[in-house]
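# Structural overview for review
Read off the chains here:
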Amino acid sequence: MVKNEGVVPAIRVRDLRVIRGGRTVIPGLTLDIPRGQVVGLLGPSGCGKTTLMRCVVGVQKIASGDVRVLDLPAGGPELRHRVGYLTQAPSVYGDLTIEENLRYFAAVVGTPRKAVGDEVARVVDLVSLADHAGSRVDTLSGGQRSRVSLAAALVGTPEVLVLDEPTVGLDPVLRRDLWDIFHRLAEGGVTLLISSHVMDEAVRCDHILLMRAGLMLADGTLAEVLGATGAKDAEQAFLTLVDRANAAAAAAGAASAGTPADHVPDPVSSKEATR
Amino acid sequence: MSPRLTLATAARVLGQIRHDRRTIALLLIVPCVLLGLGAWIFADTKTMAGGNLFDQIGGPLLGIFPFVVIFLVTSIATLRERQSGTLERLLTLPLGKGDLIAGYAIAFGVVAAVQATVACGFAVYVLGLDVRGPVWLLLVVAVMDALLGSALGLFVSAFAVTEFQAVQFMPAFVLPQFLLCGLFGPRDELPEGLRQFSDLLPLSYAVDAMTTITTKADATGDVLLDMLVVLGFVVAGVVLGAATLRRRTP
C-alpha cells in the first residue's frame, strides 16, 4: 500500500484536541514525526507533553482529531508490541526484583520463551543495572528505579519509543550514556520521542519540538530553530518564540477584546522556525 | 486472550505475594486463630438439638474467610496496579484485559487454595469440626468462595479511585452479605423480603454449600448446584471487571 516507507512519518498527528478536567490541554495540534530520529519534545511542565505522549500510545481520551503511529491508528492492537512507553513516574513493580519485572514485561510483549533470559540480560545491561538484577525494585534509589522502568520500555526492541522524561534526576555520566543508547537505537531505525523540561537537552536531539500551552512553538533541527530566532541556545529560542506569540496574541486581543492573554494562538512563528 | 499472558500475569502476582512474607503469614494464621476463637467461644454452648454450636457455624466461617480476605486483597492489589502506573503501561502493551483479570483471579485462587487447606485442616483435625460430607468438598467450596471474593474485588475496584474508597467497599459490599448469608441463623427464618434479598447475594450460596457439607452425608448434589450459582457470579464479576477496564482514560 505504502510505496515509500520513508515518506510516511512514524507519528502523524492531525487537528488533535484534548480536554482534561474541563480544561483544553491541546487546542488543535498537527504534527509529523519522521522515522529513525531522536526527537526531543521540550517545554515547561504543564504544557501538554505528557498528554501528547499519552495520545501517541493511545491511552488518552481525545476530544477530536486523529493520531496515527506507523500508519496505524494510535493504540490499536497491531501497534501494542511495536510501541514502547515510559511513563514519567517509574511504572514497575516495587515488590519484585528487577529481573522478575523484566521477565514479566518480556513475556507480555511476546518475547519467545527461550529468548526471555537473554533479552532481560540485554536491557539490564543497556541501563547499567546488571549488578542489581536480583534486587527488589523498592530497595533501589529513585534514579535506578526510573532506569528499571526504562529497561521495561526497551524490552522487545519496539520500533517507536515514547519516553516521558527518561533522563530526569540522573547523573551526567548516565545521562550521556542513555543519550548514546537512544542514538544507537535511532541508527537502527527506531523512532524516539523523548520529552524533557530541561531545554539543554535540545543539543542531544536530531529534531526538536518546542511546546507551550498545548501548541508547538517550533518544529525542526536545533540549528533551524536557532537560525529562525537568532538565539544562542534552545532556552533563548523558546523565550523569543514565547515573546513573539504573546505579541501576536496581544495584537489579536486588541482586535477582539477579551481574549485571555495566556492562550497562545496559532503559532505563526513555528512556520518561520522550520524554514 | 492468550494462555501464556494469563499465566505470566498470575505468576507475576504470585511473585509479588511471595516477596511479602508477613502477608503470607497473616493469610495463613489469621483464619486459624479466628476459627479457634470461635470454637472456644462456643465450647460450652449446645444447640437446641443438643449438638455443638461450633459445628453449626464452623462450616459457614470456612466459607466466609476466603471470600472476605481475598476480596480485600484483590481490590487493594488492583488499586495499587492502577496507582503505580503499571496498569497504564500494561494497557499500551499486547496484554488483553481478560489476561490481566484472569491472571489475578488465578493467582488469588492459588493463594486461596493454600489458605483453605490450612484453615480446613485446622478446623477439622485440630478443632474437631464435625463434617458429615466429604472433607475434600470443603476445600473445593473454599477455593470457589475465594474466587468469588477475587472476582467481586476486581469488579468493585474499578469504582475505587483511592485506598479510602477501596477499604469502604468492604463494609458496603461484604458486610450486608455477611449479615444475610445464614451465619446468624437460618436464611429461611429471615423476615419476608430480606430472605428474597439474600437469595440474590452470592455469599448466601457459598455459605449454604458449606452448611450442607458439614450437616449432610450425601452433600455432593446440593453443593454442586450452589457452586454453579457461585461460578455464575465469578464469571459475571470477571467479565464486568474486564469490561470496566478502559484503555483510554480522560
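Refer to the structure presented above.
Here goes a summary of the coordinates provided. (Residues numbered from 1 in each chain as written. Chains lettered and ligands numbered in written order. Predicted model: local features only at pLDDT ≥ 70, side-chain atom pairs only at ≥ 80, totals over all residues. Heavy atoms only, no water.)

### Focus on the overall build of chain A
In terms of helices and strands, chain A carries 8 helices and 10 strands. Taken against the 2.2 N^0.38 rule, which gives 19 Å for 275 residues, the C-alpha radius of gyration of chain A at 19 Å falls within 12% of a compact globule. By principal-axis analysis of the C-alpha atoms, chain A measures approximately 65 × 45 × 40 Å. Here chain A holds 275 residues, and the buried ones make up 51% of them. Residue pairs in contact within chain A that sit at least 24 positions apart in sequence constitute 66% of those at least 6 positions apart. Here chain A has roughly 11900 Å² of accessible surface; of this, 52% comes from carbon and sulfur atoms. The average position of the 29 basic charges and that of the 32 acidic charges among the side chains of chain A differ by 5 Å. (Helix = DSSP H or I, 4+ residues; strand = E, 2+ residues; numbered from the N terminus. Rg over C-alpha atoms; globule rule 2.2 N^0.38 Å. Buried < 20%, exposed > 50% of the residue type's maximum accessible area, 1.4 Å probe, protein only. Contact = heavy atoms within 4.5 Å. Areas by Shrake-Rupley, 256 points an atom, 1.4 Å probe, with all protein chains shown as cover. Lys, Arg positive; Asp, Glu negative; His and termini not counted. Charge placed at Lys NZ, Arg CZ, Asp CG, Glu CD.)

### A closer look at the side chain of B:Ser204
Topologically, B:Ser204 is positioned in helix H9 (residues 202-215). Here the side chain of B:Ser204 touches B:Ser198 through a polar contact of 2.6 Å, landing on its backbone oxygen. (Polar contact = N/O pair within 3.5 Å; in protein donor to acceptor, adjacent residues only side chain to side chain.)

### Structural notes on the nonpolar core
Counting 84 residues, the largest nonpolar core has A:Leu102, A:Leu163, A:Phe182, A:Leu192, A:Leu210 and B:Leu90 as its most contacted members. Look past the residues within four positions of A:Leu102 in its chain and what remains in contact with it is A:Val120, A:Val123, A:Val124, A:Val148, A:Ala151, A:Ala152 and A:Val155. Core analysis: the next-biggest nonpolar cluster, separate from the first, contains 47 residues, B:Cys120, B:Leu137, B:Val174 and B:Val230 among them. (Core = buried A, V, L, I, M, F, W, Y, C linked by side-chain atoms within 4.5 Å.)

### Quick notes on the environment of A:Leu210
Residue and element names in this part refer to chain A. Inspection of the secondary structure assignment puts leucine 210 in strand E9 (residues 207-212). Placed 11 residues apart in sequence, leucine 210 and methionine 199 show a C-alpha to C-alpha distance of 9.0 Å. Not counting residues within four places of it along the chain, the set of residues in contact with leucine 210 comprises Leu42, Met199, Leu215, Met216, Leu217, Ala218, Val225, Ala234, Phe238 and Leu241.

### Some points on the interface of chain A and chain B
Contacts between chain A and chain B engage 36 residues on the former and 26 residues on the latter. Ranking the residues of chain A by area buried against chain B places A:Arg80, A:Tyr93 and A:Tyr104 at the top, with a combined share of 23%. Linking chain A with chain B are 3 salt bridges. One salt bridge connects A:Asp95 with B:Arg80, and the closest N-O pair in it is separated by 2.6 Å. Put simply, chain A and chain B have 19 residue pairs in polar contact (both at pLDDT 80 or more) between them. Elements that contribute at least two residues to the side of chain A that touches chain B include exactly helix H1 (49-57), strand E6 (83-86), helix H2 (98-108) and helix H4 (142-154) of chain A. Ranked by the residues each element gives to the side of chain A that touches chain B, the list is headed by H2(A), at 5 residues. Tallied by class, residues from the side of chain A that touches chain B come to 19 nonpolar, 9 polar and 8 charged. (Buried area = accessible area lost by both parts, 1.4 Å probe. Salt bridge = Lys/Arg side-chain N within 4 Å of Asp/Glu carboxyl O. Nonpolar A, V, L, I, M, F, W, Y, C, P; charged D, E, K, R; others polar.)

### Let's talk about unusual backbone geometry
Residue and element names in this part refer to chain A. The phi dihedral of aspartate 15 falls on the positive side, at around 45 degrees, and the residue is not glycine. Along the chain, aspartate 15 falls in strand E1 (residues 11-20). For aspartate 15, a relative accessible area of 53% gives the class exposed. Not every positive phi belongs to a glycine, and threonine 157 is a case in point at roughly 45 degrees. On the secondary structure map, threonine 157 appears in the loop between H4 and strand E7 (160-164). For threonine 157, a relative accessible area of 41% gives the class partly exposed.

### Here's the deal with the packing of H2(A) against helix H3 (residues 116-126) of chain A
Residue and element names in this part refer to chain A. Contact geometry of H2 with H3 gives a least axis separation of 9 Å together with a crossing angle of 120 degrees. Between H2 and H3, the crossing angle belongs to the class labelled oblique. In this structure, H2 crosses over H3, and the sense of that crossing is right-handed. Contact residues: Ile98, Glu99, Leu102, Arg103 and Ala106 in H2; Val116, Gly117, Val120, Val123 and Val124 in H3. Partitioning the contact of H2 with H3 into residue classes produces 7 nonpolar, 1 polar and 2 charged. (Axes fitted to C-alpha atoms, helices over the stretch in contact; angles between N-to-C directions. Parallel < 35°, antiparallel > 145°, perpendicular 65-115°, else oblique. Left-handed = near helix turned anticlockwise from the far one by under 90°.)

### A short note on the pattern of salt bridges
This model, assessed by the stated rule, comprises 18 salt bridges over all chains. The partner of B:Arg18 in a salt bridge is A:Glu100, with the nearest N and O atoms 3.2 Å apart. Here B:Arg18, found in helix H1 (residues 3-18), pairs with A:Glu100, found in helix H2, and the two come from separate chains. Of the residues examined, A:Glu100 reaches a relative accessible area of 22% and is grouped as partly exposed.

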